[in-house]
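Secondary and tertiary structure notes
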Amino acid sequence: MVKYVLKRLLIAVFVVFGVTFITYALFRMMPDNYVYLKFQATSQNNPDWEAQAERVMELYGLNVSVVKGYFTWLGGALRGNFGNSFIDGSEVVSKIKTAIPVSFWMNLIVTLLQLVIAIPLGIRAAVNQYGPMDYATTVFTLLGISLPSFFFAAICIKIFAVDLGWFDSSLGLLSIDFSGNLFQKIINMAWHLVLPILLMTILSLGGLMRYTRTNMLEVLNADYIRTARAKGVHKGSVIYKHAFKNTAIPLVTMLAGILPGLFGGSYVIEQLFGIQGIGYVSYQATIQGDIPFVMSYYLFMTVLTVLGILLADIMYAVVDPRVKLGR
């Protein structure tokens, strides 16, 4: 096990190196130069804007080739210096720390609801194959997978916030006219998060429900399940003790995406609701060519993704003792 983990961590170093280099190269090839655009906007009151822009370009290695510029960024990152955001001049690390908590709690609630709802529904659909429950689950799954998140979110905002008035239609985590104590502030923020969390949960249920149903159907048709039923084993024990235990093996694959998913934020939902989580901030940084922030964000997400895949592989051995990770 230790040998396997060390080998995977060594491979992970090259994966992180490759992903960050490709990301850096793509952003360096963007047609606009945000550094010049930012300083040019102050050209009327700042006659020395070109020289200042050149100094910033030199500081971040943006005035040299892509390879040299990347290693300039990498050298700073290895020393713990991720630079300042081009947008507001704040430190990248502190900006990420400020934006992550909102997205983390949103995604944590969504993940828990997804596991609690999708897996039992997938199991029930498989047990009652071709029944009303199965057809209803299939339709719901197709809707969740097929509907674009921005389209579905816009419809829900129109119906529940604008027409019915159940939720505040103002953007952000607080109402525009909010004034109150800390407890009232928490309640107001929580109420603003109900609709985004509900939307994210509905849109994320389809894939896990379908995956659970498909794997459960395969296990229920196995010989040992038919043998257990023939011996008179209780139906609940057959389903949840024998069948689901083996269904959990392929489900572990999906755990690889949970870790980066908790911290990754949601580009679309956070944009539509004006929630300034990490998804919102990273999207703004991406479209404005904020290389220091984008590189730090994607480095963080790459590391989490690699760790998530490694944890999923280790969990295979925990769920199924037959899996050996020594090689």
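Our subject is the structure that appears above.
To keep things clear, this report deals only with the structure shown in the data block. All chains use their own residue numbering, which begins from 1 and follows the written sequence. With pLDDT at 70 or above as the cut-off, local features in this predicted model cover only qualifying residues; side-chain atom pairs require 80 or more to be listed or tallied, and sums for whole chains, interfaces and linings still use all residues. Hydrogens and water are ignored here; the side-chain numbers use all heavy atoms of the structure.

**Re the overall build of the protein**
For the purposes of this entry, the term helix denotes a DSSP run of H or I that reaches at least four residues, the term strand denotes a run of E that reaches at least two, and both are numbered from the N terminus. Secondary structure assignment for the protein yields 14 helices and 0 strands. Helices and strands in the protein line up, N terminus first, as α-α-α-α-α-α-α-α-α-α-α-α-α-α. Two residues form a contact once any of their heavy atoms are found within 4.5 Å. Nonlocal contacts in the protein, meaning residues at least 24 apart in sequence, comprise 72% of its contacts between residues at least 6 apart. To be clear on the numbers: accessible area is Shrake-Rupley with a 1.4 Å probe, and residue cover counts the displayed protein chains and nothing else. Accessible area of the protein: about 18300 Å², with a carbon and sulfur share of 67%. Positive and negative side-chain charges of the protein, numbering 24 and 17 respectively, have mean locations separated by a distance of 18 Å. For the purpose of counting charges, residues Lys and Arg are taken to be positive, whereas Asp and Glu are taken to be negative. His and the chain ends are not included. By convention, the point assigned to a charge is CZ for Arg, NZ for Lys, CD for Glu and CG for Asp.

**Structural notes on the layout of surface pockets**
The space that makes up the largest pocket amounts to roughly 590 Å³. The distinction between a cavity and a pocket rests on a 1 Å grid over the protein atoms alone: a 1.4 Å probe fits inside a cavity but cannot get out, while a pocket stays open yet meets protein on both sides within 12 Å along at least five of seven lines, and a residue with an atom within 4 Å of a point counts as lining. What lines the largest pocket is a set of 26 residues, among which V110, T111, Q114, S204 and G257 lie closest to the centre. At the level of secondary structure, the elements contributing two or more residues to the lining of the largest pocket comprise α5 (92–127), α8 (182–220), α10 (235–251), α11 (258–264) and α12 (267–273). Sort the elements by how many residues they give to the lining of the largest pocket and α5 lands first, with 6 residues. Tallied by class, residues from the lining of the largest pocket come to 17 nonpolar, 9 polar and no charged. Grid points are joined across faces, edges and corners, and a volume is the space filled by probe spheres set on the points. Taken as a whole, the second largest pocket spans an internal volume of roughly 490 Å³. Along the walls of the second largest pocket sit 25 residues, with L59, Y60, F82, G83 and N84 positioned nearest its centre. Of all the secondary-structure elements, those providing two or more residues to the lining of the second largest pocket are α2 (34–40), α3 (49–59), α4 (66–78), α5 and α14 (291–319). With 4 residues, the single largest contributor to the lining of the second largest pocket is α4. In terms of residue class, the lining of the second largest pocket is made up of 14 nonpolar, 8 polar and 3 charged. For this classification, the nonpolar set comprises Ala, Val, Leu, Ile, Met, Phe, Trp, Tyr, Cys and Pro, the charged set comprises Asp, Glu, Lys and Arg, and every other residue, Gly included, is treated as polar.

**Quick look at a nonpolar patch on the surface**
Taken together, the side chains of F150, F151, I155, I159, L164, W166, Y267, V268, L272, Y283 and I287 make up a nonpolar region of the molecular surface, amounting to roughly 970 Å² of accessible area. Secondary-structure elements contributing two or more residues to the nonpolar patch are α7 (149–163), α12 and α13 (278–287). Ranked by the residues each element gives to the nonpolar patch, the list is headed by α7, at 4 residues. Structurally, the position occupied by W166 is in the loop between α7 and α8. In this analysis, a patch consists of residues with relative accessible area above 30% that form no salt bridge, clustered at 9 Å for like charges and at 5 Å for the nonpolar side chains Val, Leu, Ile, Met, Phe, Trp and Tyr. The rule for a salt bridge is simple: a side-chain nitrogen of Lys or Arg has to be within 4 Å of a carboxyl oxygen of Asp or Glu.

**Overview of the environment of G308**
Positionally, G308 belongs in helix α14. Residues G308 and G261, spaced 47 residues apart in sequence, show a C-alpha to C-alpha distance of 9.7 Å.

**Here we look at the packing of α5 against helix α6 (residues 132–146)**
As a rule, the C-alpha atoms of each element are fitted with a line to give its axis, helices using only the stretch in contact, and angles between N-to-C directions run from 0 to 180 degrees. Where α5 meets α6, the closest approach of the two axes is 7 Å, and the angle between their N-to-C directions is 135°. It follows that α5 is oblique to α6 by the angle criterion. Crossing handedness for the pair α5 and α6: left-handed. In this structure, α5 uses L121, R124 and A125 to contact α6, whose residues at the interface are M133, D134 and T137. Its residues assigned to classes, the contact of α5 with α6 comprises 3 nonpolar, 1 polar and 2 charged. Angle categories: roughly parallel below 35 degrees, roughly antiparallel above 145, roughly perpendicular from 65 to 115, and oblique for all the rest. When the near helix sits turned anticlockwise from the far one by under a right angle, the crossing is termed left-handed; a clockwise turn instead gives a right-handed crossing.

**Points about the environment of I249**
Counting through the fold element by element, I249 comes out in helix α10. Classification of residues uses two cut-offs on accessible area relative to the type maximum, computed with a 1.4 Å probe and protein chains only: under 20% is buried, over 50% is exposed, and between them is partly exposed. On the basis of relative accessibility, which here comes to 16%, the residue I249 falls in the buried class. Distance in space between the C-alpha atoms of I249 and Q40 is 56 Å, their sequence separation being 209 residues.

**As for the pattern of salt bridges**
Inspection of the entire model under this criterion finds 4 salt bridges. Measuring nitrogen to oxygen at the nearest pair gives 2.6 Å for the salt bridge that ties D134 to R213. With D134 in helix α6 and R213 in helix α8, this pair connects stretches of sequence that are 79 residues apart. You'll find D134 and R213 in the same group, each marked buried. Between D163 and K158 there is a salt bridge whose closest N-O contact spans 3.0 Å.

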